[in-house]
Amino acid sequence: MKLKNKITTVTLCSAFALAGLAGCAGGAESKEVATTSAATESETTKSEETTVTQVTAEVAGGLDTSSMGVAANAAEELNAGNAQYLAGEADMNISADLREKLTNGQKPHTVVITCSDSRVPPELIFNADLGELFTIRTAGNVVGEFEVGSVEYAVDHLGSQLVLVMGHSSCGAVGAAVEGHASGNVEHIIHEITPSVDEASKTETDKEAIADKAEDLNVENTLSKLRESSVIKELEDAGKIKLVGAKYDIETGKVTYFEK
Ligand SMILES: [Zn+2]
């Protein structure tokens, strides 16, 4: 994604409207950043766009990049990407040129662990170009040895600085765990999610509320599993990577982060 000359005030206002967020009309909470190069690049097509509006994380509801340390740039990419997706202006680079450049190697800024649900495609949700996201998907975003090993590879060998565990609303795997029945190998997935359902059942009564809370707790459970890896834990403790949890709303398209 090219943050510089593609985010306009209009774009972000649209994103806020879709996300149900206020604060766009006055512009008081957003800062205008002069971007000479962006204007030059785009003047042949959109000469009226002489400024780029970068919105603070608080307004956008995204990650606070000031607290993301080494992962600040990655967080900024995710914030901007989801805003563009929300505005219906996703324009990820999947060009032949980029594909050819990437034959020299990959350097994905973020590892995304999320559900296999067809409504939750990370590359689209974050308007991500080829090579930007290292993605691991399982039903219910649960992780075992293969998945944790994949994360280790990305953070230790590819230089990914942000690890995002993203659950989602109306997750079928969590729903199955709430119902308490599964067959075949799905049982392994349900077994992993059940402790989150049990925990949620302590404070919630109806199934919908239990599932909603269990989806969040299940993300925390996956984060805990990742931190059991000495490779991941040591990199996190050394400030070389950031781990964050989030939830994707399949209706609004918005990503809400647990850590701000
Ligand atoms: Zn799911």
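Residues numbered from 1 in each chain as written. Predicted model: local features only at pLDDT ≥ 70, side-chain atom pairs only at ≥ 80, totals over all residues. Heavy atoms only, no water.

Some remarks on the pattern of salt bridges
Scanning the entire structure with this criterion turns up 9 salt bridges. Its salt-bridge partner being Asp117, residue Arg119 comes within 2.7 Å of it at the nearest N-O pair. For Asp117, a relative accessible area of 14% puts it in the buried group. Asp216 serves as the salt-bridge partner of Lys247, at 3.1 Å between the closest nitrogen and oxygen. You can see Lys247 sitting in strand S6 (residues 242–248) and its partner Asp216 sitting in helix H10 (residues 207–227), a full 31 residues away along the chain. For Lys247, a relative accessible area of 12% gives the class buried. Taken together, the salt bridges that share partners define one network made up of Asp212, Glu215, Asp216 and Lys247. (Salt bridge = Lys/Arg side-chain N within 4 Å of Asp/Glu carboxyl O. Buried < 20%, exposed > 50% of the residue type's maximum accessible area, 1.4 Å probe, protein only. Helix = DSSP H or I, 4+ residues; strand = E, 2+ residues; numbered from the N terminus.)

Side note on the packing of helix H8 (residues 172–179) against helix H9 (residues 186–200)
For the pair H8 and H9, interaxial distance at closest approach is 9 Å and the crossing angle is 75°. Relative to H9, H8 is oriented roughly perpendicular. Contacts between H8 and H9 involve Ala173, Val174, Ala176, Ala177 and Val178 from the former and Ile189, Ile190, Ile193, Thr194 and Val197 from the latter. Along the lines of polarity and charge, the residues of the contact of H8 with H9 split into 9 nonpolar, 1 polar and no charged. (Axes fitted to C-alpha atoms, helices over the stretch in contact; angles between N-to-C directions. Parallel < 35°, antiparallel > 145°, perpendicular 65-115°, else oblique. Contact = heavy atoms within 4.5 Å. Nonpolar A, V, L, I, M, F, W, Y, C, P; charged D, E, K, R; others polar.)

Let's talk about the sheet that holds strand S4 (residues 133–138)
Pairing in this open sheet of 5 strands is mixed, and the strands run S4-S3-S5-S6-S7 from one edge to the other. Every interior strand has two partners, whereas the edge strands, S4 and strand S7 (255–257), have only one. In this sheet, neighbouring strand axes are inclined to one another by 25° on average, regardless of whether the strands run parallel or antiparallel. Running at roughly 175° to S4, helix H7 (residues 145–158) makes contact with strand S3 (110–115), S4 and strand S5 (162–168) of the sheet. (Pairing = 2+ DSSP bridges.)

Looking at the side chain of Thr110
Mapped onto the secondary structure, Thr110 falls in strand S3. A polar side-chain atom of Thr110 sits 2.7 Å from a polar atom in the side chain of His109. Once residues lying within four places of it in the same chain are set aside, the contact partners of Thr110 are Ala74, Leu78, Glu132, Leu133, Phe134, Ser160, Leu162 and Leu164. (Polar contact = N/O pair within 3.5 Å; in protein donor to acceptor, adjacent residues only side chain to side chain.)

Re the confidence of the model for the protein chain
On average, residues of the protein chain score 84 in pLDDT, and 77% of them reach the 70 mark or higher. Counting contacts from residues 4–59, a segment whose pLDDT is below 50, to residues more than four positions away or on other chains yields 76 contacts. (pLDDT = per-residue confidence, 0-100.)

With respect to the side chain of Glu147
Positionally, Glu147 belongs in helix H7. Setting aside anything within four residues of it in sequence, one finds Glu147 in contact with Ile136, Thr138 and Val142.

Focus on the packing of aromatic side chains
A complete count under the given rule lists 1 aromatic pair for this structure. For the pair Phe134 and Tyr153, a centre-to-centre distance of 6.3 Å together with 45° between the ring planes defines the contact as tilted. Separated by 19 residues along the polypeptide, Phe134 in strand S4 and Tyr153 in helix H7 bring together distant segments of the chain. (Phe/Tyr/Trp six-rings, centres within 6.5 Å; stacked < 30°, edge-to-face > 60°.)

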